[in-house]
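# Coordinates in review
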Amino acid sequence: QVQLVESGGGLVQAGGSLRLSCATSGPTFSSYAMGWFRQAPGKERELIAATTSSGYSTYYTDSVKGRFTISRDNAKNTVALQMNSLKPEDTAVYYCAARKGSIVTMASLYDYWGQGTQVTVSS
């Protein structure tokens, strides 16, 4: 069983930065691909960034490329999302998620989820 706990959300002005962290429990963190999803009101949950179990490969959705960076520390069982140049359209609840295997974009294929953290970007 893997437990995920996100932190770092909040209110920020457009153009600002936030760093989200996801702390995990369980001895096999390094065997999981990790993803950051977000869900805005009335919209589907979407994968915005992900990293393979080793951390060597990453994925970003087009809307965050060049602004967001995902990283993981397998020694500390954590994964982070550095978000720069934030825009009002980045406002959403952000979730970290874990799955064994490769990076996939479908939320239903992730096995474990955090509780989510709210990010609000004001204009």
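Notes on the structure in this doc start here. (Residues numbered from 1 in each chain as written. Predicted model: local features only at pLDDT ≥ 70, side-chain atom pairs only at ≥ 80, totals over all residues. Heavy atoms only, no water.)

Our focus in this paragraph is the environment of T51. With respect to the helices and strands, T51 occurs in strand 5 (residues 46–51). Along the sequence, T51 and G35 sit 16 residues apart, while their C-alpha atoms lie 6.4 Å from each other. Of note is the side chain of T51, whose polar atom sits 3.5 Å from the backbone oxygen of S57. (Helix = DSSP H or I, 4+ residues; strand = E, 2+ residues; numbered from the N terminus. Polar contact = N/O pair within 3.5 Å; in protein donor to acceptor, adjacent residues only side chain to side chain.)

A word on the side chain of E6. Following the sequence through the fold, E6 ends up in strand 1 (residues 3–7). Buried charged residue E6 carries no salt bridge. Nearest counter-charge: R45, at 7.6 Å. Here C96 takes part through its backbone nitrogen, which lies 2.9 Å from a polar atom of the side chain of E6. Within polar-contact distance, the side chain of E6 engages the backbone nitrogen of G116 at 2.9 Å. Apart from the residues lying within four places of it in its own chain, the contact partners of E6 are S21, C22, W36, Y94, Y95, C96, G114, Q115, G116 and T117. (Buried < 20%, exposed > 50% of the residue type's maximum accessible area, 1.4 Å probe, protein only. Lys, Arg positive; Asp, Glu negative; His and termini not counted. Salt bridge = Lys/Arg side-chain N within 4 Å of Asp/Glu carboxyl O. Contact = heavy atoms within 4.5 Å.)

Now for the side chain of R99. Structurally, R99 can be placed in strand 9 (residues 92–100). Among buried Asp, Glu, Lys and Arg side chains, R99 stands out as unpaired, with D111 the closest opposite charge at 5.5 Å. Side-chain polar atoms of R99 contact the backbone oxygen of S102, separated by 2.4 Å. Of the polar contacts made by the side chain of R99, one reaches the backbone oxygen of L109; its length is 2.9 Å. The residues touching R99, leaving out its near neighbours within four places in the chain, are Y32, A33, V104, L109, Y110 and D111.

Turning next to the nonpolar core. Ranked by internal contacts, the top residues of the largest apolar core, which has 28 residues, are L4, M34, W36, F68, L81, M83 and Y94. Contributing elements (two or more residues each) for this core: strand 3 (18–25), strand 4 (32–39), strand 5, strand 7 (68–73), strand 8 (78–83), strand 9 and strand 11 (117–122). The greatest single-element share of this core, amounting to four residues, is contributed by strand 9. Setting aside residues no more than four positions away along its own chain, L4 makes contact with C22, A23, T24, M34, C96, A97, A98, Y112, W113, G114 and Q115. Ranked by size, the runner-up nonpolar core spans seven residues in total, among them Y95, A97, V104 and Y110. (Core = buried A, V, L, I, M, F, W, Y, C linked by side-chain atoms within 4.5 Å.)

For the coordinates displayed, the defined rule picks out one disulfide. Two residues, C22 and C96, share a disulfide whose sulfurs are 2.0 Å apart. Linking C22 and C96, the disulfide has an S-S dihedral of approximately 50° and is accordingly described as right-handed. Of this pair, C22 sits in strand 3 while C96 sits in strand 9, placing them 74 residues apart in sequence. Note on accessibility: C22 and C96 belong to one class, buried. (Disulfide = S-S within 2.5 Å.)

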